[in-house]
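Examining the three-dimensional arrangement
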Amino acid sequence: MRIVQRSLQSPEPDFLAAHHRVLRRIYAARNISSAHELSHKLEHLLPPHALAGLPQAVDLLSDALHEGKRILIVADFDADGATACALAVRALRLLGATDVRYVVPNRFEFGYGLTPEIVAVAARQNPALIITVDNGISSIEGVHAARQLGIQVLITDHHLPGATLPEAHAIVNPNQPGDEFPSKNLAGVGVIFYVMLGLRARLRECGWFALNNLNEPNLGQLLDLVALGTVADVVPLDHNNRILVAQGLARIRQSQCNAGIRALIAIAGRQPDRIAASDLGFIVAPRLNAAGRLEDMSLGIECLLCDDAAAAQLMAERLNELNHERRTIETGMQEQALATLATMELDADKLPSGLCLFNPDWHQGVIGIVASRIKDRLHRPVIAFALSGEDEIKGSARSVTGLHIRDALDSIAARHPRLLSKFGGHAMAAGLSLKLADFAEFSAAFDAEVRRHLSETQMQGMLDSDGALWADEISLELAQVLRSAGPWGQGFPEPVFDGVFEVVSGRLVGSKHLKLMLRHVDDECLIDAIAFNVDTALLTALMPQPPVTASQASVACRKVHIVYRLDVNEYRGARTVQLLVQQIELV
């Protein structure tokens, strides 16, 4: 894995002068060019009016409220879809809607989006208006089926559209042709939040709240959902998304979030007042996603809609159980994937540039995680496939920098018109379906497409670093400064540093985690560090002598070059700085 130093603006902008010296260079490396970009005030949010289709969407919603029509939300089965669904239901009820329901497709039964089959299920509830959240932009047949039944359709989505748009009554998607909204990075939950802002403005103008003796709601109370869905969907955290996430985190830290999110944080053993964006992505979202991966996302949505703390806790406990099941399934699938790679007997330079893996026993709900893990290990685009029918397989794709995976699938569909049954997604993640008999042909086509875009250098793997820290900079103070300076995430990465240290001692935690005591090469101070899921070969090299016990070993002072993040470790009421090691190499 190559370590690449982030490029810096030179000289640093004057407006950064008031910040910690390390934070100044971090902001400069992320191309922050004005103090405005560091403000997370709601007044700096982009206004909704630039979203194409918003007036038509608001017309549909306003009419539905005025006429007391039944509104049905059709959600996606991931965390973005669940938070978007919960937000839509909560917002519409706050705005005075009297009949709001939702349905979420079971991924194993109906697949993704507003399909004709899910329209038939929805029609049993006799809705006047269907609203899709985090899906719908590719649902041409489903929208047609709804219109045939006399059901109005409002699509809210953020996925990239195909050549043809569905004939919905209104579409709000910042990525649709002709849309002038400055940010194209809203998650599905962000899109529906903006639609609700537009609806509230319309209702205010027409005197709806006064006429119906309603208090105009503060939709800011829903930003906890926006923050969770935005981080979970790994969309780029541009300035607008950073505002949404920062505001949502502030509400969570002040215990002003809904009971479901509070219960999910508690079941993970975290304190709400110390939650960071990374905790939403790695702690809360996986528990929520577990429902959609293994059973039915309705459980996750109900948890987010729940206002009773005891009931929310019970649902969070079940979600936690499902997440443990998911981890067990994932571990087995990942081992099978690695075994498959081993049987190929290929050197790294002979691996396919675009790698497709299939096992008839794999779980549909977990293939995306497996693809992501193998992608991280091999530094190349990976698609993991599972059976979705007798003669059909479903794939989940994960990409690397330099390859827009959805566009790559579009190119394959153009070159091989019969191969793909359907596909859709983002730059870094996508889903697709094809015939089992076509797996080998598709694998070759995918590899060829990736080779057209990625060089061998791009597939060697890179770790971006913000450089080295002096010994006096590795402090609790700086760790706390960095923790509060985000929110960090996709497109606005959390600070990562690298440097050479001496290993003073180490002990095994669990079977593969290494707790280290390090000494900075320029200082005598000792620093705690931990490396998770360390390769056993490295453990042997670093600790050549058998451990005295199963959990502890002394090591000779050896120099290592590590890539790490600063973290605040809390143990028995004490707070100390700790290095979270991402890569470790013997010097």
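A short tour of the structure in this document, coming up.

Reading guide: rules and limits
Residues numbered from 1 in each chain as written. Predicted model: local features only at pLDDT ≥ 70, side-chain atom pairs only at ≥ 80, totals over all residues. Heavy atoms only, no water. Patch = residues over 30% accessible without salt bridge, like charges linked within 9 Å, V, L, I, M, F, W, Y side chains within 5 Å. Areas by Shrake-Rupley, 256 points an atom, 1.4 Å probe, with all protein chains shown as cover. Salt bridge = Lys/Arg side-chain N within 4 Å of Asp/Glu carboxyl O. Helix = DSSP H or I, 4+ residues; strand = E, 2+ residues; numbered from the N terminus. Phe/Tyr/Trp six-rings, centres within 6.5 Å; stacked < 30°, edge-to-face > 60°. Buried < 20%, exposed > 50% of the residue type's maximum accessible area, 1.4 Å probe, protein only. Lys NZ or Arg CZ within 6 Å of the ring centre and 35° of its normal. Pairing = 2+ DSSP bridges. Axes fitted to C-alpha atoms, helices over the stretch in contact; angles between N-to-C directions. Contact = heavy atoms within 4.5 Å. Expected span 1.5 Å × (residues − 1). Polar contact = N/O pair within 3.5 Å; in protein donor to acceptor, adjacent residues only side chain to side chain. Core = buried A, V, L, I, M, F, W, Y, C linked by side-chain atoms within 4.5 Å.

There is a patch of nonpolar side chains on the surface, built from V500, V521 and V587 and spanning about 230 Å² of accessible area. Along the chain, V500 turns up in strand β13 (residues 497-509).

Moving on, we get to the packing of aromatic side chains. If you walk through the whole model with that rule in mind, you get ten aromatic pairs. Measuring from ring centre to ring centre gives 5.1 Å for W488 and F492, while their planes differ by 10°; the resulting arrangement is stacked. Assessed through its relative accessible area of 9%, W488 is described here as buried. Here F492 falls in the buried class, since its relative accessible area comes to 3%. Relative to Y564, the ring of F497 lies with its centre 6.0 Å away and its plane at 40°, an arrangement referred to as tilted. Of this pair, F497 sits in strand β13 while Y564 is found in strand β16 (residues 553-571), placing the two residues 67 residues apart along the sequence. Y564 matches F497 in its accessibility class, with the two residues each being buried. Every member of this aromatic cluster is reached through a ring pair, and the members are F358, F385, F439, F442 and F446. Between the NZ or CZ atom of R242 and the centre of the ring of F492, over which it lies, the distance is 4.0 Å.

Before going further, it helps to examine the pairing of strand β10 (residues 420-425). Judged from the five bridges that link them, β10 and strand β11 (residues 429-435) form a sheet pairing that is antiparallel. Paired with G424 across the strands is G431, a residue of β11. Between β10 and the antiparallel strand that follows it, β11, lie three residues.

Strand order in the open sheet formed by five strands is β3-β2-β4-β5-β6, with parallel pairing between adjacent strands. Lying at the two open borders of the sheet, with one neighbouring strand each, are β3 (100-103) and β6 (170-172). Taken over all neighbouring pairs, the strand axes of this sheet differ in orientation by 20° on average, direction set aside. Strand contacts of helix α6 (residues 188-205): β4 (129-133), β5 (152-156) and β6, with the helix running at about 120° to β5, the strand carrying the most contacts.

Most of helix α8 (residues 223-232) sits inside the fold, with ten of its ten residues counted as buried. Every buried residue of α8 is listed here: L223, D224, L225, V226, A227, L228, G229, T230, V231 and A232. Each element contacted by the buried residues of α8 is listed here: α3 (79-94), α6, α9 (239-253), α10 (259-267), α11 (277-294) and α12 (298-305). Positive phi appears at V234, one or two residues downstream of α8, with a value of about 55°.

This paragraph deals with helix α13 (residues 309-344). Along its 36 residues, α13 runs 52 Å from first to last C-alpha, staying within 8% of the 52 Å computed at 1.5 Å per residue. The N-cap residue of α13 is D308: its side-chain oxygen and the backbone nitrogen of A310 are 3.2 Å apart.

With that settled, the discussion passes to the nonpolar core. Residues I73, L87, L92, I131, M196, L566 and L579 are the most contacted members of the largest nonpolar core, which totals 142 residues. Discounting chain neighbours no more than four positions away, the residues touching L566 are L469, E473, I474, S475, L478, A479, L482, F497, V577, Q578 and L579. Counting 24 residues, the second largest nonpolar core, distinct from the first, contains L403, A413, L419 and F439.

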